[in-house]
Amino acid sequence: LQVLWAKPEATVAEVNAALKPERDLAYTTVATMLRKMEARGLVSHREDGRSFLYRARVNAEQIGQGMADHMVEKLFD
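Student: Residues and numbers for the environment of Arg55, please.
Tutor: Among the structural elements, Arg55 can be located in strand β2 (residues 51-56). Look at Arg55 and you get partly exposed, because its relative accessible area is 37%. Setting aside anything within four residues of it in sequence, one finds Arg55 in contact with Leu4, Pro8, Glu9, Leu42, Val43, Ser44 and Arg46. A polar contact is formed between the side chain of Arg55 and the side chain of Glu9, at a distance of 2.4 Å.

Student: So what about the packing of aromatic side chains? Which residues, and what values?
Tutor: With the rule as written, the count across this model stands at 1 aromatic pair. For the pair Phe52 and Tyr54, a centre-to-centre distance of 6.4 Å together with 65° between the ring planes defines the contact as edge-to-face.

Student: Describe the nonpolar core, naming the residues involved and giving the relevant values.
Tutor: Counting 14 residues, the largest nonpolar core has Leu4, Val12, Val15, Val30, Leu34, Val43 and Tyr54 as the members making the most contacts within it. Of all the elements, helix α3 (residues 27-39) adds the most residues to this core, at 4 residues. Other than its neighbours up to four places away in sequence, Tyr54 contacts Leu4, Pro8, Glu9, Ala10, Val12, Leu34, Arg35, Glu38, Val43, Ser44 and His45.

Student: Explain the pairing of strand β1 (residues 43-48) to me, and be specific about the residues and the numbers.
Tutor: The sheet contact formed by β1 and β2 spans 6 bridges and is antiparallel. Bridge pairing in β2 places Asp48 opposite Ser51. Where β1 folds back onto β2 in an antiparallel hairpin, the turn is made up of 2 residues, including Gly49, whose phi is positive at roughly 70°.

Student: An account of the side chain of Thr11 is needed here, citing residue identities and associated values.
Tutor: Its place among the elements puts Thr11 in the loop between α1 (2-6) and α2 (12-19). When its relative accessible area of 17% is taken as the criterion, Thr11 is described as buried. Those residues in contact with Thr11 that sit more than four places away from it in its chain are Ser51, Phe52 and Leu53.

Conventions we followed
- Residues numbered from 1 in each chain as written.
- Predicted model: local features only at pLDDT ≥ 70, side-chain atom pairs only at ≥ 80, totals over all residues.
- Heavy atoms only, no water.
- Helix = DSSP H or I, 4+ residues; strand = E, 2+ residues; numbered from the N terminus.
- Buried < 20%, exposed > 50% of the residue type's maximum accessible area, 1.4 Å probe, protein only.
- Contact = heavy atoms within 4.5 Å.
- Polar contact = N/O pair within 3.5 Å; in protein donor to acceptor, adjacent residues only side chain to side chain.
- Phe/Tyr/Trp six-rings, centres within 6.5 Å; stacked < 30°, edge-to-face > 60°.
- Core = buried A, V, L, I, M, F, W, Y, C linked by side-chain atoms within 4.5 Å.
- Pairing = 2+ DSSP bridges.

Here it is in structure tokens:
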């Protein structure tokens, strides 16, 4: 998501290239991660020719609040 927060839209290849310095992930791994994030409502995509352009549907504040809520729920469950 950090890559998509930095750019309005990005292809799988662009996300993969941005992650390359920190993590050497396969293209297919990045594509799978983006599809899973889309299923959870975190990102969306649109088609541009033969490419999918992904964009974040949530901002960093929403993610932080969701994680905090989840942790409190688990602690007191």
